[in-house]
Amino acid sequence: MKKLIITFVLVLMPTLFFAQSMFDKFEDEDEIVSILVNKKMFELMSEVKADSSDPNTKQLFSLIKRLDNLKVFTTENTKFKAEMKKTVDAYLKKYPLEELMRINEGGQTIKIYVKTGATPSEVKELLMFINGGEGDDTVLMSLTGTFDLKEISFLTDYMKIPGGDKLKKASGKK
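Rules behind the numbers
- Just so you know, the residues in each chain are numbered from 1, in the order the chain's sequence is written.
- Given that this is a predicted model, residues contribute local features only at a pLDDT of at least 70 and side-chain atom pairs are listed and counted only at 80 or more, while totals for whole chains, interfaces and linings are drawn from all residues.
- Hydrogens and water molecules were not included; the side-chain quantities draw on all heavy atoms of the structure.
- Two strands pair if DSSP finds at least two bridges between them.
- The way it works is that DSSP assigns letters per residue, a run of H or I at least four long becomes a helix, a run of E at least two long becomes a strand, and they are numbered from the N terminus.
- Axes here mean lines fitted to C-alpha atoms, for a helix over just the part in contact, with angles spanning 0 to 180 degrees between N-to-C directions.
- Any two residues whose heavy atoms approach within 4.5 Å are treated as being in contact.
- Ring geometry is summarised as follows: Phe, Tyr and Trp rings, the Trp one being its six-membered ring, pair when their centres sit within 6.5 Å, and such pairs are stacked at plane angles under 30 degrees, edge-to-face over 60 and tilted between the two.
- Burial here depends on accessible area, computed with a 1.4 Å probe over protein chains only, as a share of the maximum for the residue type. Under 20% is buried, over 50% is exposed, and the range in between is partly exposed.
- The term nonpolar core refers to a set of buried residues drawn from Ala, Val, Leu, Ile, Met, Phe, Trp, Tyr and Cys, joined through side-chain atoms within 4.5 Å.
- The term salt bridge refers to a pairing of a side-chain nitrogen on Lys or Arg with a carboxyl oxygen on Asp or Glu at a separation within 4 Å.
- Within this analysis, patches are made of residues with over 30% relative accessible area and no salt bridge. Like charges are joined at 9 Å or less; nonpolar side chains (Val, Leu, Ile, Met, Phe, Trp, Tyr) at 5 Å or less.
- Values of accessible area rely on a 1.4 Å probe in the Shrake-Rupley scheme; residue burial ignores everything except the protein chains shown.
- Positive charge is attributed to Lys and Arg, negative charge to Asp and Glu, and no charge count is given to His or to the chain ends.
- Lysine's charge is taken at NZ, arginine's at CZ, aspartate's at CG and glutamate's at CD.
- Relevant arc is that of directions from the helix axis to the C-beta atoms, nothing else.
- Two N or O atoms form a polar contact when they lie within 3.5 Å of each other; inside protein one atom must be a possible hydrogen donor and the other a possible acceptor, and for residues adjacent in sequence the pair counts only when both atoms belong to side chains.

(A) Expanded view of the sheet that holds strand 5 (residues 122-131). The strand order 1-2-6-5-4-3 describes an open sheet built from 6 strands, whose pairing is antiparallel. At either margin of the open sheet sits one strand with a lone partner, and together these are strand 1 (32-37) and strand 3 (98-105). Averaged over all adjacent pairs, the angle separating strand axes in this sheet is 10°, with direction ignored. Summarising the sheet, strand 2 (residues 67-75) and strand 6 (residues 138-148) pair through 8 bridges and their orientation is antiparallel. Opposite Lys-71, over in strand 6, you have Ser-142 as the bridge partner. Lying over the sheet, helix 2 (residues 39-46) contacts strand 1 and strand 2, oriented at roughly 110° with respect to strand 2.

(B) Structural context of the packing of aromatic side chains. Inspection of every chain in the model, using the stated rule, returns 3 aromatic pairs. Between Phe-23 and Tyr-91, the ring centres sit 5.0 Å apart and the planes meet at 40°, which makes this aromatic pair tilted. Linking Phe-23 in the loop between helix 1 (2-22) and strand 1 with Tyr-91 in helix 4 (residues 78-94), this pair joins segments that are 68 residues apart in sequence. Among the residues examined, Tyr-91 registers a relative accessible area of 3% and is labelled buried. Chaining the aromatic ring pairs together yields one cluster made of Phe-23, Tyr-91 and Tyr-95.

(C) Looking closely at the nonpolar core. Judged by nonpolar contacts, the single largest core of 24 residues is most densely connected at Phe-42, Leu-70, Leu-126, Leu-143 and Phe-147. Contributions of two or more residues to this core are made by helix 2, helix 3 (55-64), strand 2, strand 4 (108-116), strand 5 and strand 6.

(D) Examining the pattern of salt bridges more closely. Per the counting criterion, the structure on display carries 5 salt bridges. Residues Asp-68 and Lys-39 are paired through a salt bridge, measuring 3.2 Å at the closest nitrogen-oxygen approach. With Asp-68 in strand 2 and Lys-39 in helix 2, the pair connects residues that are 29 residues apart, well separated along the chain. Under the relative-accessibility criterion, Asp-68 is labelled partly exposed at 28%.

(E) Geometry of a negative patch on the surface. On the surface, a cluster of negative charge is made up of Asp-28, Glu-29, Asp-30 and Glu-31. Classification of Asp-30 by relative accessible area gives exposed; the value is 78%.

(F) Structural detail: helix 2. Within the sequence span of helix 2, burial applies to Phe-42, Met-45 and Ser-46. For helix 2, the buried positions fall inside an angular range of 95° around the axis, keeping them on one side. The N-cap residue of helix 2 is Asn-38: its side-chain oxygen and the backbone nitrogen of Lys-40 are 3.2 Å apart.

(G) View of the pairing of strand 5. Burial analysis of strand 5 places 7 of its 10 residues in the buried class, the great majority of the element. Pairing geometry for strand 4 and strand 5, over 8 bridges, is antiparallel. In the strand pairing of strand 5, Ile-112 is matched with Met-128. If you look at the hairpin formed by strand 4 and strand 5, you'll find 5 residues sitting between the two strands.

Here is the structure:
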């Protein structure tokens, strides 16, 4: 029985870490700019003393406490643009997310996907893929935690994340 349990755990282990490692192949590529923020960094950021009278700052720090991981990859390299698209397609087949929004604008295709939580407004995972046209960056962003989509524009503004303006459109913010 013990062998059966150990075998079962070993078989399931790769699937538990697949989502995390699927985009990690882009981290060390010279032609790809990577921004990676993990839970520990979000915890440290949330402990920074800030102006508590500013409601925007309060909301930002409240959000940061509920985030787990942020991964952003951008590239102009044609080879890596195609590889990112292929990886996103494979990820969505393996881990189906709900398409929130799709925009075709100036040669770019912007797609935003979410995995909702306990309520329709609670988001557990957000995946944004901007397939850049000729001369435009391709952007892949993955964000996990427990948050409301409307709060993400605060984070994208604060961290100056590429594609943040597209998330504002999706959340209905101006």
